[in-house]
Amino acid sequence: MKTLIRGGTVVTATDQYRGDILIEDEKIAAVAAPGGLIPEGGQISVIDAAGKYVIPGGIDVHTHLDMPFGGTTSADDFESGTIAAAHGGTTSVVDFAIQYKGQTLRHALDAWMAKADGKAAIDYGFHMIITDLNDAVEAEMDALVREGVTSFKLFMAYPGVFMLDDASIFRALLRTGANGGTICMHAENGGVIDVLVKKALAEGKTAPKYHALTRPARAEAEATHRAIALAEMAGVPIYIVHLSAAEALEMVTVARDRGLPAYAETCPQYLFLSYDNYEEPDFSGAKYVMSPPLRPKETQDRLWRGLAGNDLQAVSTDHCPFCMKEQKELGKGDFSKIPNGAPGIETRMSLVFDGGVRTGKISVNRWVELTSTSPAKIFGLFPRKGTIAPGSDADLVVFDPNRKQTLSVKTLHMKVDYNPYEGRQVTGVSETVLSRGKVIVENGKFTGRAGAGSFVKRSPRS
Ligand SMILES: [Zn+2]
């Protein structure tokens, strides 16, 4: 099977040029100047990309599909979530498997493999969330790295549920020094937050906005600093997930200025929404209840500067949708019972293009880097994914930089009953999407198949 993508502007993290791309089976076979590729023999399908960008498929390294949380389960499973991702130009996700207390990592991985198997429409990998670390679990970390689950997520928040103490975190960090894994950290001071939440509820403060008011930016900054310090003492890199606060970004910047391998991602919600959303009337603030919470509007510029200057290396989504009806509603009268999370897997590429590239905050190359190449490199998917080069997987997006789309729950494909960006117009839309050489979205229509996505073994740090 051969496909030729003709006449587009090829954009990678480093280059931008007019070129044609030849795909054979699942891989990119050749890239050449326009008209330079005349494939011989066999059937060939041609995709006209004139006037469009051709970019490596988006890679979202932070999603929670089919995830139990707070007595309910995130609304998108691996089928609806990955189909929505494909519509938005994302062709790989790295989701999170959860080890619950008393379980082995193997048990957790098997459970999440079963959730994705036969359902995922795009390729996927897993980070392993460790909530219970003992000698046996430490040894299991090595086995997982060998099997391509090369990153582990730890929590400094949610005491009694997910939180690990500093000693356990430090042990896990040390282990990755030996096995080549990477630790991802949810950096918020869970102890402080717990006290603030209890105090607020005791004072009768129950509205959604108190979710944000009980999770201070300093609690994120403190944990970010501590996480980086623990990693420094262990002599290993660290990756901070969903960084939201300017105060936390300062900690990453200081560490990087000292030459430490500290990495961090932010998410579109922190770039486009703010604390003000919690002040929306009635219970609407619940739409934005996520952790860390949305921050003051001024933070957005700081985060964009972090992205432009490489103090932040990736934009992922933390896609974790819960419907307002029956799910977010669980927290009516008690903000601490509102399931944490919001949808975003489908809107990331367009939002960051529209709000970042079109405004001149970042270049088109940096956009590709932040949404695909850099996460691929950090998490062991590069060069199989995250770039356009002979031998790489033909995960490609034909992206129309001029087409406009109004983001709305009515037209998006995520299985959730609201959208945090409802009514927002973006310019720049993913038009045709290929996953390992196969067209899975054609002009906004899904043509792929649930179950066509494969588990991807990721490489350890070399
Ligand atoms: Zn998350």
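Residues numbered from 1 in each chain as written. Predicted model: local features only at pLDDT ≥ 70, side-chain atom pairs only at ≥ 80, totals over all residues. Heavy atoms only, no water.

Enquirer: Got a sec to walk through the coordination of the zinc ion? Specific residues and values, please.
Expert: Surrounding the zinc ion are the protein donor atoms His62 (NE2), His64 (NE2) and Asp318 (OD), which sit 2.0 to 2.3 Å from the metal. Of note, the zinc ion draws all its donor residues from one chain, in the sequence arrangement H-x1-H-x253-D. With His62 in strand β6 (residues 58-63) and Asp318 in the loop between β15 (314-315) and α11 (348-357), this pair connects stretches of sequence that are 256 residues apart. As far as burial versus exposure is concerned, His62 and Asp318 are alike and both buried. (Donors = N, O, S within 2.8 Å, 3.2 Å for Na, K, Ca; no water. Helix = DSSP H or I, 4+ residues; strand = E, 2+ residues; numbered from the N terminus. Buried < 20%, exposed > 50% of the residue type's maximum accessible area, 1.4 Å probe, protein only.)

Enquirer: Go over the nonpolar core, please, and point to the residues and values.
Expert: Formed by 120 residues in total, the largest nonpolar core has its most connected members in Met128, Met185 and Trp367. Of the residues forming this core, the biggest block, eight residues, is contributed by helix α7 (residues 217-234). Counting residues in each nonpolar core, the second largest holds 13 residues, with Ala394, Leu396, Val398 and Leu434 among its members. (Core = buried A, V, L, I, M, F, W, Y, C linked by side-chain atoms within 4.5 Å.)

Enquirer: Account for helix α12 (residues 364-378), with residues named and values stated.
Expert: Under the 1.5 Å per step criterion, the end-to-end length of α12 is 20 Å for 15 residues, consistent within 8% with the ideal 21 Å. The principal kink in α12, of about 50°, is found at Leu370. Judged by how many residues are buried, α12 sits mostly within the fold: 13 of 15 residues are covered. Of the residues one or two after α12, Gly380 is the one with positive phi, at around 75°. (Expected span 1.5 Å × (residues − 1). Bend = angle between axes of the 7 residues up to and from the residue.)

Enquirer: Which residues make up the environment of Ser168, and what values go with them?
Expert: Inspection of the secondary structure puts Ser168 in helix α4 (residues 166-179). Classification of Ser168 as buried rests on a relative accessible area of 13%. Placed 145 residues apart in sequence, Ser168 and Ile23 show a C-alpha to C-alpha distance of 46 Å.

Enquirer: Outline the packing of helix α2 (residues 105-116) against helix α3 (residues 135-146), listing residues and values.
Expert: It is the contact of α2 with α3, at a shortest axis distance of 9 Å, that shows an interaxial angle of 45°. On the basis of the axis angle, α2 is oblique to α3. Contacts from Leu105, Arg106 and Leu109 in α2 reach Val137, Glu140, Met141, Ala143 and Leu144 in α3. For the contact of α2 with α3, the residue count by class is six nonpolar, no polar and two charged. (Axes fitted to C-alpha atoms, helices over the stretch in contact; angles between N-to-C directions. Parallel < 35°, antiparallel > 145°, perpendicular 65-115°, else oblique. Contact = heavy atoms within 4.5 Å. Nonpolar A, V, L, I, M, F, W, Y, C, P; charged D, E, K, R; others polar.)

Without other data, these values stay purely geometric and don't point to any function.
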